[in-house]
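Breakdown of the fold
One-letter residues, chain by chain:
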Amino acid sequence: MLKNDLFLRALKGETVSRPPVWMMRQAGRYLPEFMALREKYDFFTRCQTPELASEITVQPIRRYGMDAAILFSDILVIPQAMDIEVQMKPNFGPFLPHPIRKPQDLDAVVVPDVNKTLGYVMEAITQTKEKLDDEIPLIGFAGSPWTILCYCVEGQGSKSFDKARGFCFTQPEAAHQLLQKITDTTIAYLQAKVRAGVNAVQIFDSWGGMLSPQDYQEFSWKYIQQIVDGLKEETPVIVFGKGCWFALREMASSGASAVGVDWTCAPKSARYLTGGNITLQGNFDPARLLSPPKKIKEMVTDMINGFGKDKYIVNLGHGILPTIPLENAQAFIDAVKEYGS
Ligand code: CP3
């Protein structure tokens, strides 16, 4: 039994004294203890070494006491396991030297045995669970197939992912083949993570908002729905799409336990669009953590009042920025813990 199960209770829609809180990308570059490890080990060494990945996962918990931990890893371990080379270049971000641009490029892309290729993630989960000592739940995650395709085709980050969209629109058959391979790998991967001990999973559709509502259905949502179907009997699933307010209705009726919202959608609009009954997660503007702590606390209280304290998980509307002062992140967490007292 978990000592603090607020997060899991909010996912079930139970009444709680205050909403749980965690922050997307909470293990990372705004923390000095993370930067110390970053000096010594490159990115994928940190991901692939269970001692390091589990240590980085619990760093923000030790400092702030969030109500859930998220395993330190990356969405791009999936293409890596599918034999698509992925590098993480300092001061540049992800770089894939052999991007997928034509149907023949798919021949080399495999649906791997995830226990072999991603066994290090399962070991990191085991070690993290030991370190957490049943205090709080652990979240596992994966990128959405569309968001992974964006990197596989573009070969790097992008503001608009034009090449990825162009690939889908000019070679839809190849795009669907790639999306299906990513989906099959992701379902097996998340199921293995659940067996290894994660208490919930989140799907990040970081680039879903690049697609029109109609194209979103065809190239993103269809595949996310398969993942939800493959996981929902085993664990609570959270679906988060950045810029995807137009898909909130499908997300809410997909069988997912919760739906993530970004900061461009007001709490009341998100409740309206999702039918008022599902647990929502979000949606503080990550740049608003640059406001003075007093202002952050006021805004967090307003946000909780806007969503309502039940069926709600406090979070940012996207990942925390590396420039956020430590005391501002503290004010965000404290405001939630002080809510209603
Ligand atoms: O809370 C956590 O930090 C958990 C770990 C986590 C990372 N990446 C570690 C990471 C999670 C949940 C992710 C998800 C991820 N990765 C997403 C989806 C969420 C989002 O932010 O939209 C995406 C799109 C990626 C791909 C990715 N990884 C990019 C674009 C970059 C470079 C830009 C950046 O954020 O630094 C990464 C690298 C990365 N992933 C870092 C970390 C801590 C920074 C690099 C480093 O530490 O050397």
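The structure presented is a predicted model; accordingly, all values stated were derived computationally and were not measured. (Residues numbered from 1 in each chain as written. Predicted model: local features only at pLDDT ≥ 70, side-chain atom pairs only at ≥ 80, totals over all residues. Heavy atoms only, no water.)

1. Re the overall build of the chain
Helices and strands together make up the secondary structure of the chain, namely 15 helices and nine strands. Taking 341 residues into account, the globule formula puts the C-alpha radius of gyration at 20 Å, and the chain, at 19 Å, falls close to it. By principal-axis analysis of the C-alpha atoms, the chain measures approximately 60 × 45 × 35 Å. Taken over 341 residues, the chain has a buried fraction of 55%. In the chain, the share of contacts with a sequence separation of at least 24, taken over all contacts with a separation of at least 6, comes to 74%. (Helix = DSSP H or I, 4+ residues; strand = E, 2+ residues; numbered from the N terminus. Rg over C-alpha atoms; globule rule 2.2 N^0.38 Å. Buried < 20%, exposed > 50% of the residue type's maximum accessible area, 1.4 Å probe, protein only. Contact = heavy atoms within 4.5 Å.)

2. Structural notes on the site of the ligand
In the vicinity of the ligand lie 22 residues, with Ala 27, Arg 46, Asp 74, Ser 206 and His 318 positioned nearest. Note that an oxygen atom of the ligand is positioned 3.1 Å from one of the side-chain N or O atoms of Arg 29. Asp 74 places a polar side-chain atom, nitrogen or oxygen, 2.7 Å from a nitrogen atom of the ligand. Protein burial of the ligand: of its 850 Å² of free accessible surface, 89% is covered by the chains. Counting residues per element, the ones that place at least two in the shell around the ligand are α2 (32-40), α3 (43-48) and β3 (93-95). Partitioning the shell around the ligand into residue classes produces 12 nonpolar, five polar and five charged. (Near = heavy atom within 4 Å. Polar contact = N/O pair within 3.5 Å; in protein donor to acceptor, adjacent residues only side chain to side chain. Areas by Shrake-Rupley, 256 points an atom, 1.4 Å probe, with all protein chains shown as cover. Nonpolar A, V, L, I, M, F, W, Y, C, P; charged D, E, K, R; others polar.)

3. Observations concerning the packing of aromatic side chains
Aromatic ring pairs are defined here through the distance separating the ring centres and the angle between the ring planes. Tallied over the full model, the rule gives 13 aromatic pairs. Ring centres 6.3 Å apart and planes at 80 degrees place the aromatic pair Phe 204 and Phe 240 in the edge-to-face group. Of this pair, Phe 204 sits in strand β5 (residues 200-205) while Phe 240 is found in strand β6 (residues 237-241), placing the two residues 36 residues apart along the sequence. Just as Phe 204 is buried, Phe 240 falls in that class too. Ring geometry for Phe 307 against Tyr 312: centres 4.4 Å apart, planes inclined by 10 degrees, an arrangement best described as stacked. (Phe/Tyr/Trp six-rings, centres within 6.5 Å; stacked < 30°, edge-to-face > 60°.)

4. Some words on the pattern of salt bridges
Pairing is possible between side chains that carry opposite charge, provided their charged atoms lie close to one another. One pass over the structure, following the stated rule, counts 13 salt bridges. A salt bridge links Asp 113 to Lys 116; its shortest N-O distance comes to 3.9 Å. Accessibility expressed as a relative area gives 70% for Lys 116, which makes it exposed. In this structure, Arg 165 engages Asp 162 in a salt bridge whose closest nitrogen and oxygen atoms are separated by 2.8 Å. On the criterion of helical spacing, the pair formed by Arg 165 and Asp 162 is a turn pair, its members being three residues apart in helix α9 (residues 162-170). (Salt bridge = Lys/Arg side-chain N within 4 Å of Asp/Glu carboxyl O.)

5. Looking at the nonpolar core
One finds Phe 7, Met 23, Leu 149, Leu 178, Tyr 189 and Phe 332 to be the most contacted residues of the largest nonpolar core, which totals 126 residues. The greatest single-element share of this core, amounting to 10 residues, is contributed by helix α10 (residues 172-196). Setting aside residues up to four positions removed in sequence, Leu 149 forms contacts with Ala 164, Phe 167, Cys 168, Ala 175, Leu 178, Leu 179 and Ile 182. (Core = buried A, V, L, I, M, F, W, Y, C linked by side-chain atoms within 4.5 Å.)

6. Re the pairing of strand β9 (residues 312-316)
Looking down a regular strand, the side chains alternate between one sheet face and the other. Taken across its five residues, β9 has five buried, putting it largely inside the fold. The alternating pattern of β9 places Tyr 312, Val 314 and Leu 316 and Ile 313 and Asn 315 on opposite faces, both of which are buried. Sheet analysis places strand β8 (residues 279-284) next to β9, joined by five bridges and oriented parallel. Residue pairing in the sheet places Asn 283 in a bridge with Asn 315 of β9. (Pairing = 2+ DSSP bridges.)

7. A short note on the side chain of Asn 199
Tracing the backbone shows Asn 199 in the loop between α10 and β5. At a separation of 3.0 Å, a polar atom in the side chain of Asn 199 contacts the side chain of Lys 129. Those residues in contact with Asn 199 that sit more than four places away from it in its chain are Leu 2, Leu 8, Lys 129, Pro 137, Leu 138, Thr 235 and Pro 236.

8. Some words on the packing of α2 against helix α4 (residues 50-64)
The interhelical angle for the contact between α2 and α4, taken along N-to-C directions, is 160 degrees, at an axis separation of 9 Å. Classified by the interaxial angle, the pair formed by α2 and α4 is roughly antiparallel. Judged by the sense of rotation from one axis to the other, the crossing of α2 with α4 is right-handed. Residue-level contacts link Pro 32, Glu 33, Phe 34 and Leu 37 of α2 to Leu 52, Glu 55, Ile 56, Gln 59 and Arg 63 of α4. (Axes fitted to C-alpha atoms, helices over the stretch in contact; angles between N-to-C directions. Parallel < 35°, antiparallel > 145°, perpendicular 65-115°, else oblique. Left-handed = near helix turned anticlockwise from the far one by under 90°.)

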